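Remarks on the overall topology
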Amino acid sequence: MKKQKVELPNALADALTLLKLPHAIVIAGPEKQGRDVARLLAKTLLCPHREGCTPCGTCGSCTSFEAESHPDFRLLRDEKSIKVDQVRDLKARSLLRPIGEGGCVFIVERADLMTPQSAKALLKLMEEPPAYLTLILQTALPDMLPDTLLSRTTVYQVEAEAQMQASLRKDAERFIDCLLEQSYYSLLAMQPKLSSDRAGFMRFCDALCAVCLERLSTGVAVEKATLFLNIPKTAMSYKERADGTTSMPLLAASFLIECKHHYS
Ligand SMILES: [Zn+2]
């Protein structure tokens with residue numbers, strides 16, 4: 001079976017790229033997906049040659065991570081319950097300075113299985129975390145975590161992100177189809193949605209570029225190829241302009257009109 005590509009949720013990738021990742025993170029969402037994201041994040045943080053939010057995959061850090069022998073990484077996982085001794089071990093381990101350049105990364109999988117005592121012990125670690133430590137809690141049931149713990153973490157939703165990506169993609173597909181079918185009324189009808197959310201508009205531009213490049217790679221007629229080349233250019237320039245104080249309704253309207261000109 002083909003291995004599915006794991007990607008970090010956008011909010012997480014943005015924080016990582018901007019080096020603004022909090023020291024304690026909850027990855028909330030379906031277990032398998034959450035686990036994959038937590039591990040990818042750990043591997044990325046540890047890799048000294050990472051590019052943005054992608055680990056290089058070949059350095060000593062990446063290979064030892066894959067071999068489950070990375071000296072700066074710990075994974076705490078238990079099928080039934082996470083006991084206080086296990087958390088105390090983790091806390092003791094956190095006092096050892098990292099060997100590599102990426103700091104230390106600890107993952108607690110199924111953090112909802114912590115006993116109340118375990119959660120208390122973990123809270124102690126979170127109250128005085130060493131600067132080099134990133135703590136990742138993975139859970140499908142974030143509501144089961146105590147509020148005291150949640151208030152010291154940033155929660156990233158995995159599922160919501162996947163759903164959002166799917167819906168952005170659908171919008172981008174529809175946008176392209178409207179252009180190709182020259183149904184400009186339907187195209188203009190997308191204006192309110194596009195202008196309702198600045199960050200959403202910027203993500204829509206990214207999704208649009210991705211769809212254009214995919215369609216381009218399938219081999220298309222010349223006039224369509226021109227469209228698929230021009231739309232990403234326009235989308236990128238509007239994405240840049242959305243990152244400011246420009247009026248979103250005006251911006252979205254002129255974006256739609258400019259895109260329309262590429263195929264009429
Ligand atoms: Zn690497």
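Note that the coordinates shown come from a computational prediction; the quantities given were computed from them, not determined experimentally.

1. Description of the packing of helix H4 (residues 84–93) against helix H5 (residues 116–127)
The contact between H4 and H5 brings their axes to 8 Å, and the two run at 10 degrees. Our classification of the angle between H4 and H5 gives roughly parallel. Note on packing geometry: the crossing formed by H4 with H5 is right-handed. On the side of H4, the interface is formed by Val84, Val87, Arg88 and Lys91, while H5 contributes Gln117, Ser118, Ala121, Leu122, Lys124 and Leu125. Grouping the constituent residues of the contact of H4 with H5 by class yields five nonpolar, two polar and three charged.

2. Here we look at helix H2 (residues 31–46)
The α-helix advances 3.6 residues per turn, and as a result positions three or four apart in sequence lie on the same side. With 16 residues, H2 extends 22 Å from end C-alpha to end C-alpha; this agrees with the ideal 22 Å at 1.5 Å per step. Burial within H2 is extensive, with 12 of its 16 residues counted as buried. When H2 is considered as a whole, its buried residues turn out to be Gly34, Arg35, Asp36, Val37, Ala38, Arg39, Leu41, Ala42, Lys43, Thr44, Leu45 and Leu46.

3. Description of the environment of leucine 122
Here leucine 122 lies in helix H5. Not counting residues within four places of it along the chain, the set of residues in contact with leucine 122 comprises Val87, Met114 and Leu149.

4. Side note on the domain arrangement of the chain
Along its sequence, the chain is organised into domain 1 (10–152) and domain 2 (161–261). A C-alpha centroid distance of 36 Å is found between domain 1 and domain 2.

5. Topic: the pairing of strand S4 (residues 133–139)
For S4, a buried count of seven out of seven residues is recorded, marking the element as mostly surrounded by other parts of the structure. A two-sided burial pattern is seen for S4, the buried positions comprising Leu133, Leu135, Leu137 and Thr139 on one face and Thr134, Ile136 and Gln138 on the other. Pairing of strand S1 (residues 24–28) with S4, which is carried by five bridges, proceeds in the parallel orientation. Residue pairing in the sheet places valine 26 in a bridge with leucine 137 of S4. In terms of strand pairing, strand S3 (residues 104–108) meets S4 through five bridges, oriented parallel. In the sheet register, cysteine 104 faces S4, and the bridge partner there is leucine 133. Taken together, S3, H5 and S4 form a β-α-β motif whose crossover is right-handed.

6. Points about the sheet that holds S1
Strand pairing in a sheet is mediated by backbone hydrogen bonds. Such pairs are either parallel or antiparallel. Read from one edge to the other, the open sheet built from five strands follows the order S2-S3-S4-S1-S5, with strand pairing classed as parallel. Whereas interior strands pair on both sides, the edge strands pair on one side only; in this sheet they are strand S2 (73–76) and strand S5 (154–157). Adjacent strand axes in the sheet meet at a mean angle of 20 degrees when their direction is disregarded. Sheet strands in contact with H2 are S1, S2, S3 and S4, and its direction is about 170 degrees off that of S4.

Here is what the cut-offs are and how they apply
- Residues numbered from 1 in each chain as written.
- Predicted model: local features only at pLDDT ≥ 70, side-chain atom pairs only at ≥ 80, totals over all residues.
- Axes fitted to C-alpha atoms, helices over the stretch in contact; angles between N-to-C directions.
- Helix = DSSP H or I, 4+ residues; strand = E, 2+ residues; numbered from the N terminus.
- Parallel < 35°, antiparallel > 145°, perpendicular 65-115°, else oblique.
- Left-handed = near helix turned anticlockwise from the far one by under 90°.
- Contact = placed C-beta atoms within 7 Å.
- Nonpolar A, V, L, I, M, F, W, Y, C, P; charged D, E, K, R; others polar.
- Expected span 1.5 Å × (residues − 1).
- Buried ≥ 20, exposed ≤ 12 C-beta atoms within 10 Å, placed from the backbone.
- Domains from an automatic or database assignment.
- Pairing = 2+ DSSP bridges.
- Right-handed = clockwise from strand over helix to strand, strands pointing away.

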